[in-house]
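# Reading the structure
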Amino acid sequence: MFDNHHFYCPNEGHGLAHDPFNAIIAPRPIGWISSKNGKGQCNLAPYSFFNAFNYKPPIIGFSSIGRKDSVQNAEDTGEFCWNLVSKSLAEKMNITSAAVSGDVDEFELANLEKACSRIVDVPHVADSLVVMECRTSQVIQLQSSEGASCNSWLVLGEVVGVHINANMIENGVFQTSQAQPVMRGGGVGDYFSIEESNRFEMFRPQKEK
């Protein structure tokens, strides 16, 4: 049954040209996180480990390999914003991924306009089609199955405010494909975007009465 499978144990290496993990768990939404430190210095950075985790209250989260500024800021101030990366913003998002010193404002680096948030004291990307203002709920250092600490931190935040460009809403429904969200794939620089042609519908089985 498994004769035609490539099998590997991650702790022993994958034996391929590029680690397949990121390509298999893909595409992944990009966590474009804006934050601010206690001195008012703004930060904007993309994270490829990002997703939603709960409905009520709505909770989203991103994981950072290394305790980067976004993690520290979210923990220190208790706030951050998620900014949706549409295809038109992909190049500027990529600029904000540069490894720069903590005193560099990535909004300015990528020539992005800031917009004031309504609830949290953190600016967001003015041109982003969707923004979620968040209050930090948990910062968790990840561990292995044996309890060894990893050099990665999961930041979870409760969404307390949502901005949606009105053009993305039709008949009361958010149109995912119109937003053209950019997602991270595998490989060194592979990205994907959602197109309407990719959409198909499935409905959950109905419970028997």
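Scroll up for the structure.
Fair warning: this is a prediction, and the values are worked out from it, not measured in the lab.

Parameters at a glance
Residues numbered from 1 in each chain as written. Predicted model: local features only at pLDDT ≥ 70, side-chain atom pairs only at ≥ 80, totals over all residues. Heavy atoms only, no water. Phe/Tyr/Trp six-rings, centres within 6.5 Å; stacked < 30°, edge-to-face > 60°. Helix = DSSP H or I, 4+ residues; strand = E, 2+ residues; numbered from the N terminus. Buried < 20%, exposed > 50% of the residue type's maximum accessible area, 1.4 Å probe, protein only. Lys NZ or Arg CZ within 6 Å of the ring centre and 35° of its normal. Pairing = 2+ DSSP bridges. Axes fitted to C-alpha atoms, helices over the stretch in contact; angles between N-to-C directions. Contact = heavy atoms within 4.5 Å. Salt bridge = Lys/Arg side-chain N within 4 Å of Asp/Glu carboxyl O.

## What to know about the packing of aromatic side chains
Across all of its chains, the model carries 3 aromatic pairs by this definition. Between Y47 and F62, the ring centres sit 4.8 Å apart and the planes meet at 40°, which makes this aromatic pair tilted. Here Y47, found in strand β3 (residues 42-47), pairs with F62, found in strand β5 (residues 59-65); they are 15 residues apart in sequence, far enough to count as distant. The same class applies to Y47 as to F62, namely buried. Arranged with centres 5.6 Å apart and planes meeting at 80°, the rings of F62 and F80 form a pair that is edge-to-face. Placement of the pair is F62 in strand β5 and F80 in strand β6 (residues 79-83), with a sequence separation of 18 residues. Each of the two residues, F62 as well as F80, counts as buried. One aromatic cluster is present, formed by Y47, F62 and F80 through successive ring pairs. In this arrangement the basic side chain of R184 is found over the ring face of Y191, its NZ or CZ atom lying 4.8 Å from the centre.

## Observations regarding the sheet that holds strand β14 (residues 191-193)
Taken in spatial order, the 3 strands of this open sheet run β1-β13-β14, and their pairing is antiparallel. Of all the strands in the sheet, the pair left with one neighbour each is β1 (28-29) and β14.

## Considering the sheet that holds strand β10 (residues 149-164)
What links the strands of a sheet is backbone hydrogen bonding, and the strands pair in either a parallel or an antiparallel sense. Ordered in space as β3-β2-β6-β9-β10-β5-β4, the 7 strands form an open sheet in which the pairing is antiparallel. The open sheet is flanked by β3 and β4 (50-54), the only strands paired with a single partner. The sheet shows a mean angle of 35° between the axes of neighbouring strands, taken without regard to direction. Across 5 bridges, β6 lies against strand β9 (residues 130-143) in antiparallel orientation. Residue C81 lies in a different strand from β9, and its bridge partner there is E133. Strands β2 (31-36), β3, β5, β6, β9 and β10 of the sheet are contacted by helix α2 (residues 69-77), whose axis makes an angle of about 50° with β2.

## A short note on unusual backbone geometry
Geometrically, the link from A26 to P27 is a cis peptide bond, its omega value of -5° lying close to zero. Inspection of the secondary structure assignment puts P27 in the loop between α1 (21-24) and β1. Cis peptide bonds are those with omega within 30 degrees of zero, and the linkage from K56 to P57 qualifies with -5°. Along the polypeptide, P57 turns up in the loop between β4 and β5.

## A closer look at the pattern of salt bridges
Oppositely charged side chains can pair when the atoms bearing their charge come close. For the structure on display, the rule yields 6 salt bridges. A salt bridge links R67 to E75; its shortest N-O distance comes to 2.1 Å. The class of R67 is partly exposed, set by a relative accessible area of 35%. In this structure, the salt-bridge partner of R199 is E196, at a minimum N-O distance of 2.6 Å.

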